[in-house]
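These are the residues of each chain, in order.
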Amino acid sequence: MQVLIHRDSKPWQLQVWVSFLIAVFLCAVGLSWLPGRDLDRAFMIMGYFFCLSAAFVLAKYVRDQEKSLAEGKLADTPMFKLVVWGSFFLAMSLTGWGLWRMEINETYKAFLGVSWLYLITCSFTLAKTLRDKHEADLNEARMQGRMSRAAPDSV
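Residues numbered from 1 in each chain as written. Predicted model: local features only at pLDDT ≥ 70, side-chain atom pairs only at ≥ 80, totals over all residues. Heavy atoms only, no water.

Asker: Pulling in residues and values, what's your account of the nonpolar core?
Answerer: Ranked by internal contacts, the top residues of the largest apolar core, which has 27 residues, are Leu-34, Met-44, Tyr-48, Phe-88, Leu-112 and Ile-120. Elements represented by at least two residues in this core include exactly helix H1 (10-32), helix H2 (38-71), helix H3 (78-101) and helix H4 (106-150). (Core = buried A, V, L, I, M, F, W, Y, C linked by side-chain atoms within 4.5 Å. Buried < 20%, exposed > 50% of the residue type's maximum accessible area, 1.4 Å probe, protein only. Helix = DSSP H or I, 4+ residues; strand = E, 2+ residues; numbered from the N terminus.)

Asker: Give me the packing of H1 against H2: which residues, what numbers.
Answerer: At their nearest, the axes of H1 and H2 sit 10 Å apart, and the two run at 160° to each other. By the angle between their directions, the pair H1 and H2 is classed as roughly antiparallel. The handedness of the crossing between H1 and H2 comes out as right-handed. Listed contacts from H2 to Phe-20, Cys-27, Leu-31 and Ser-32 of H1 are Arg-41, Met-44, Ile-45, Tyr-48, Leu-52 and Phe-56. Considering only residue class, the contact of H1 with H2 consists of eight nonpolar, one polar and one charged. (Axes fitted to C-alpha atoms, helices over the stretch in contact; angles between N-to-C directions. Parallel < 35°, antiparallel > 145°, perpendicular 65-115°, else oblique. Left-handed = near helix turned anticlockwise from the far one by under 90°. Contact = heavy atoms within 4.5 Å. Nonpolar A, V, L, I, M, F, W, Y, C, P; charged D, E, K, R; others polar.)

Asker: I'd love a proper account of a nonpolar patch on the surface, names of residues and values included.
Answerer: A cluster of nonpolar side chains, namely Phe-50, Leu-90, Leu-94, Trp-97 and Trp-100, defines an oily patch on the protein surface of about 560 Å² accessible area. By residue number, the principal contributor to the nonpolar patch is H3, which donates four residues. Relative to the assigned elements, Phe-50 resides in helix H2. Its relative accessible area of 33% is what places Phe-50 among the partly exposed residues. (Patch = residues over 30% accessible without salt bridge, like charges linked within 9 Å, V, L, I, M, F, W, Y side chains within 5 Å. Areas by Shrake-Rupley, 256 points an atom, 1.4 Å probe, with all protein chains shown as cover. Salt bridge = Lys/Arg side-chain N within 4 Å of Asp/Glu carboxyl O.)

Asker: Explain the packing of aromatic side chains to me, and be specific about the residues and the numbers.
Answerer: Throughout the structure, instances matching the rule amount to eight aromatic pairs. Measuring from ring centre to ring centre gives 6.2 Å for Phe-20 and Phe-56, while their planes differ by 70°; the resulting arrangement is edge-to-face. Note that Phe-20 is positioned in helix H1 and Phe-56 in helix H2, a separation of 36 residues in sequence. With a centroid separation of 5.7 Å and an interplanar angle of 65°, the aromatic rings of Phe-88 and Phe-89 are classed as edge-to-face. Take Phe-88: its relative accessible area is 10%, and that puts it in the buried class. Under the relative-accessibility criterion, Phe-89 is labelled partly exposed at 48%. Through a chain of ring-to-ring contacts, the aromatic side chains of Trp-85, Phe-88, Phe-89 and Phe-124 assemble into a single cluster. The ring of Trp-97 has Arg-101 lying over it, and the distance from NZ or CZ to the ring centre is 5.5 Å. (Phe/Tyr/Trp six-rings, centres within 6.5 Å; stacked < 30°, edge-to-face > 60°. Lys NZ or Arg CZ within 6 Å of the ring centre and 35° of its normal.)

Asker: Give a description of the pattern of salt bridges that names residues and reports values.
Answerer: A full pass over the atoms with the stated rule returns 14 salt bridges. Between Glu-106 and Lys-109 there is a salt bridge, with the nearest N and O atoms lying 3.7 Å from each other. Placement of the pair is Glu-106 and Lys-109 together in helix H4, with a separation of three residues, close to one helical turn. Accessibility expressed as a relative area gives 57% for Glu-106, which makes it exposed. Ionic pairing is found between Asp-132 and Lys-128, a salt bridge with its closest N-O pair at 2.6 Å. On the criterion of helical spacing, the pair formed by Asp-132 and Lys-128 is a turn pair, its members being four residues apart in helix H4. Three or more residues joined by partner-sharing salt bridges are found here, namely Lys-60, Arg-63, Asp-64, Lys-128, Arg-131, Asp-132 and Glu-135.

Asker: Help me get a handle on H1, residues and values and all.
Answerer: Helix length check: H1, at 23 residues, gives a terminal C-alpha distance of 32 Å against a target of 33 Å (1.5 Å per residue), a fit within 8%. Among all positions of H1, only Gln-13, Val-16, Ser-19, Phe-20, Ala-23, Cys-27, Gly-30 and Leu-31 are buried. (Expected span 1.5 Å × (residues − 1).)

In structure tokens form, the structure reads like this:
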């Protein structure tokens with residue numbers, strides 16, 4: 001019996017990583033040359049990191065929930081759900097508010113906003129790609145373990 005293990009193609013993996021790195025680069029460039037006060041710059045850098053980490057946590061949470069529902073188990077508590085979703089919306093809201101209220105050129109705000117949203121979408125895609133690879137590796141290891149136990153000893 002042949003079992004198919006889905007793996008993302010190498011070009012797809014490359015595209016995901018390149019997109020994520022471009023997003024990080026664009027955000028870094030925008031934040032590095034951010035005009036205005038140092039406090040605004042520090043707030044925006046913290047906001048971008050908060051959003052990025054919240055996006056990765058949310059991606060993992062959603063994926064774990066999907067897997068647990070398929071297995072008929074409860075993965076996390078309702079309070080954890082509130083914390084994960086609340087953190088993501090809080091991070092996005094506070095960063096968006098900080099960007100909106102900054103007294104800088106509108107074109108610069110647009111650049112920062114677009115690069116920030118690009119970073120968030122790329123982080124979700126990267127999280128999914130990494131999780132898919134991890135699950136495919138686990139499935140392959142399980143298959144190899146079963147095959148080695150099923151093979152007769154050749155001593």
